[in-house]
Amino acid sequence: MILTDTPNASDVLARAPFRGKLFIDGAWTDALDGSMLKRKSPAHDHVVAVYAKAGKVDAERAIAAARRAFDEGPWPRMKGAERARILRSVAEGILARRQEIALLETLENGKPLAQSLAEVDGAADLWHYAATLARNLHGDSYNTLGEHTLGVVLRDPIGVVSIITPWNFPFLIVSQKLPFALAAGCTAVVKPSEFTSGTTVMLAEILHQAGVPPGAVNILVGPGSVVGDVMVKHPQVDMLSFTGSTTVGKQAVAASAQTLKKVSMELGGKNPQIVFADCDWEAAVDATVFGIYFNAGQCCNSGSRVLVQASIAEKFAAAVVERSKRVRVGDPLATGVQVGAITTDKQFETILAHIHDARRDGATVALGGSRLAMPGLYIEPTVLTGVTPDMAIAREEVFGPVLSVLTFETLDEAVQLANSTLYGLSAAVWSSDFTTCLSAARRIKAGTVWVNTFLEGHAELPFGGYRESGIGRELGRFATEDYTETKTLHMHLGPRTDWYVPNR
Ligand code: NAD
């Protein structure tokens, strides 16, 4: 079903574009060379934002400010309780501006407004959760090392963190990193994707109003190859926290190795949903459709492969196709739309190329397969059947609304298929049998395995990938520890036994 109705869209688009500057050392500034960057809405091909575009020198200034703020400023020296109070205030500031943030997210990213609102609310929850961790970050002690020794293990904030984020969930992803780095006492330089910088720029204002001191967070808008490159290599940066593609992530790890930075990498996925014959049929069909079309399939966690037990495969694929036809695709500003536009021109072409290659390799296009016949970057919900494990479409991340259906006979075969890509971000198992679910879940190599559900998330639960899906985990109660160094205080009590013993 295609929706083109756009209530208020013309009013929204008639407004002046959002204007953003760089935020360095607590002040708004233009790029040193005066460069600018424009962003068009992928749904409307209309300029929705104009930014100062940072270059190498601006990136170096931002890093110097973060360094000063860490080495000399108040943030790392504050009590956890005080940092917690400021992080809570950021969360409240986000919620107070949720409509404004969500609208800009939709205009730049192309996702339906209701989903942007949910993203902003989820992000605010992460700031609240990180506030609880700011007061709970602690080390360890050993009183078991003998009469003369006391061991204390300290958690020291690691220092300056470079945070680089992608365009698919810009506000959520910066909120998976920044509040936890701040809770630990770190300072940061943040670079959102050049396609979706607006909401991160808005965040700078909220941070400032909440009392984050100058230089503790610096925000740069600019291309990865220039600004990101400086942030990844600079010797004054202690840690890199990156979310993006596996290809760029590998380059960033290699570049950061010159200065041996700690890295936290959240990368791509080719996530399987395994559907056994005894599943709750309705729930599994719906979650398969949701799992592939949510955010137009532009999710690292997208359920882009459904592995269906052979005895039900044909009927299940037919049910998925039928439900996919009813998914409402269209203008992300229109009420009731479930799937909006593809975020970038390049991604749009990439998705169509994947469909083309899958067809060439022998997959059947059971539904969709083309762009929608309307202005904007829209692709039809697409279901590919007859996909075999050797095909590229079964292994490579598409990052679009394209579902591959594969089949299996036994649990062993399902697990083997699930583990047959280089990725390992997430997976789901659908069965009414407890043993089937847990046997499969325990053997799947993925950072998250959902059992009879999909794409749910909680701040309390760690998130990250095995293998080429990444390094490290975000969220959960250990999230702040990732942004620390461990220091051992080895203390001797009482007289020490001399090493040098004079000749007798
Ligand atoms: P991308 O890798 O192209 O870009 C990510 C970020 O890296 C952007 O800010 C970009 O400007 C920057 N960048 C580009 N080149 C750089 C360089 N040489 N040095 C430093 N920074 C550079 O990814 P994208 O297209 O924005 O996002 C889509 C990808 O992100 C998908 O592969 C998706 O799976 C992945 N992703 C992963 C997660 C996760 O948590 N695992 C979440 C969201 C997205």
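Residues numbered from 1 in each chain as written. Predicted model: local features only at pLDDT ≥ 70, side-chain atom pairs only at ≥ 80, totals over all residues. Heavy atoms only, no water.

Peer 1: Help me understand the pairing of strand β20 (residues 426–430), please; the structure alone is not making it clear to me.
Peer 2: Remark: a regular strand shows side chains that alternate across the two faces of the sheet. Across the five residues of β20, five count as buried, placing the element largely inside the fold. The alternating pattern of β20 places Ser 426, Ala 428 and Trp 430 and Ala 427 and Val 429 on opposite faces, both of which are buried. Bridge count between β20 and strand β21 (residues 448–451): four bridges; the pairing is parallel. By the bridge assignment, Ala 427 is partnered in β21 with Val 449. (Buried < 20%, exposed > 50% of the residue type's maximum accessible area, 1.4 Å probe, protein only. Helix = DSSP H or I, 4+ residues; strand = E, 2+ residues; numbered from the N terminus. Pairing = 2+ DSSP bridges.)

Peer 1: For this particular structure, what's the right way to read the sheet that holds strand β19 (residues 402–408)?
Peer 2: Across a sheet, strands are paired by hydrogen bonds formed along the backbone, either parallel or antiparallel in direction. A sheet is described by the order of its strands in space; here seven strands give the open sequence β17-β18-β19-β15-β14-β20-β21, paired in mixed fashion. The outermost strands of the open sheet, each flanked by one partner alone, are β17 (364–367) and β21. Within the sheet, the average angular offset between the axes of one strand and its neighbour, ignoring direction, is 25 degrees. The pairing of strand β14 (residues 272–275) with β20 spans three bridges and is classified as parallel. Residue pairing in the sheet places Val 275 in a bridge with Trp 430 of β20. Set on the sheet, helix α10 (residues 281–293) makes contact with β14, β15 (305–309), β18 (382–385), β19 and β20; between it and β14 the angle comes to about 170 degrees. (Axes fitted to C-alpha atoms, helices over the stretch in contact; angles between N-to-C directions. Contact = heavy atoms within 4.5 Å.)

Peer 1: I tried to follow empty space enclosed by the protein on my own but got confused; where do I start?
Peer 2: Think of a ball as big as a water molecule: rolled over the atoms, this probe shows where empty space is left. A complete count under the given rule lists three cavities of 30 Å³ or more for this structure. There is about 70 Å³ of room inside the largest cavity. Lining of the largest cavity is provided by 16 residues; of these, Pro 272, Ala 418, Tyr 423, Gly 424 and Ser 426 occupy positions nearest its centre. Taken together, the residues of the lining of the largest cavity break down into seven nonpolar, five polar and four charged. In this structure, the second largest cavity encloses a volume near 50 Å³. Taken together, Gly 269, Asn 271, Gly 297, Cys 299, Cys 300, Ser 302, Ser 304, Glu 397, Val 398, Phe 399 and Gly 400 make up the full set of residues lining the second largest cavity. Residues that form the lining of the second largest cavity fall into these classes: four nonpolar, six polar and one charged. (1 Å grid on protein atoms, 1.4 Å probe; cavity = no way out; pocket = protein on both sides within 12 Å on 5 of 7 lines; lining within 4 Å. Points joined across faces, edges and corners; volume = space filled by probe spheres on them. Nonpolar A, V, L, I, M, F, W, Y, C, P; charged D, E, K, R; others polar.)

Peer 1: When you look at the layout of surface pockets in this model, what are you seeing that I'm missing?
Peer 2: Of the pockets and cavities examined, the largest pocket occupies roughly 1200 Å³. Along the walls of the largest pocket sit 46 residues, with Phe 242, Gly 244, Ser 245, Val 248 and Lys 346 positioned nearest its centre. Counting only elements with at least two residues in the lining of the largest pocket, the list comes to α8 (224–233), β12 (239–243), α9 (246–256) and α12 (345–360). When residues of the lining of the largest pocket are assigned to their parent elements, the largest contribution, seven residues, is made by α9. For the lining of the largest pocket, a count of residues per class yields 17 nonpolar, 19 polar and 10 charged.

Peer 1: Looking at this model, I keep getting lost on the domain arrangement of the protein chain. Mind explaining?
Peer 2: A common way to express how large an interface is: the accessible area buried when the components associate. Here the protein chain is described as being made up of domain 1 (23–267 + 472–488) and domain 2 (272–451). On a C-alpha basis, the centres of domain 1 and domain 2 stand 31 Å from each other. With both chains or domains summed, domain 1 and domain 2 bury close to 1800 Å², and 60% of this area falls on carbon and sulfur atoms. For the pair domain 1 and domain 2, the number of links is zero salt bridges. (Domains from an automatic or database assignment. Buried area = accessible area lost by both parts, 1.4 Å probe. Salt bridge = Lys/Arg side-chain N within 4 Å of Asp/Glu carboxyl O.)

Peer 1: Sorry if this is basic, but what is going on with the side chain of Thr 343 here?
Peer 2: Looking at the element boundaries, Thr 343 is found in the loop between β16 (329–330) and α12. Apart from residues no more than four positions distant in its own chain, Thr 343 is found in contact with Arg 39, Pro 42, Glu 108, Asn 109, Trp 167, Thr 196, Gln 298 and Leu 377.

Peer 1: Would you explain the site of the ligand in this entry?
Peer 2: Close to the ligand lie 27 residues, the nearest being Thr 165, Glu 194, Ser 245, Leu 267 and Glu 397. At 2.7 Å, a backbone N or O of Thr 165 approaches an oxygen atom of the ligand. Separating an oxygen atom of the ligand from a side-chain N or O atom of Trp 167 is a distance of 3.0 Å. For the ligand, whose accessible area on its own is 850 Å², the fraction buried by protein is 88%. Taking a 2 Å distance to the grid points as the criterion, the majority of the atoms of the ligand fall inside the largest pocket. (Near = heavy atom within 4 Å. Polar contact = N/O pair within 3.5 Å; in protein donor to acceptor, adjacent residues only side chain to side chain. Areas by Shrake-Rupley, 256 points an atom, 1.4 Å probe, with all protein chains shown as cover. Sits in = over half its atoms within 2 Å of the grid points.)

Peer 1: What am I meant to see in the nonpolar core here?
Peer 2: General note: in soluble globular proteins, nonpolar side chains tend to be found buried as a group. Grouped together as the largest cluster of nonpolar side chains are 87 residues, with contacts concentrated most on Ile 94, Trp 127, Leu 178, Leu 203 and Leu 220. Take this core: its biggest share by element is 11 residues, from helix α5 (residues 113–134). Sequence-distant contacts of Leu 203, that is, excluding residues within four places in its chain, are made with Val 90, Ile 94, Trp 127, Phe 171, Val 174 and Leu 178. Within the second largest apolar cluster, 66 residues are counted, among which are Phe 348, Leu 377, Phe 408 and Ala 418. (Core = buried A, V, L, I, M, F, W, Y, C linked by side-chain atoms within 4.5 Å.)

Peer 1: Quick question: what am I supposed to make of the sheet that holds strand β7 (residues 140–142) here?
Peer 2: In space, the three strands of this open sheet follow the order β7-β8-β23, with antiparallel pairing throughout. At either end of the open sheet lies a strand with only one pairing partner, and these are β7 and β23 (484–492). The mean inter-strand angle of the sheet, taken between neighbouring strand axes irrespective of direction, is 15 degrees. Across nine bridges, the pairing between strand β8 (residues 149–157) and β23 is antiparallel. Within β23, the position partnered with Asp 156 by the bridge is Glu 485.

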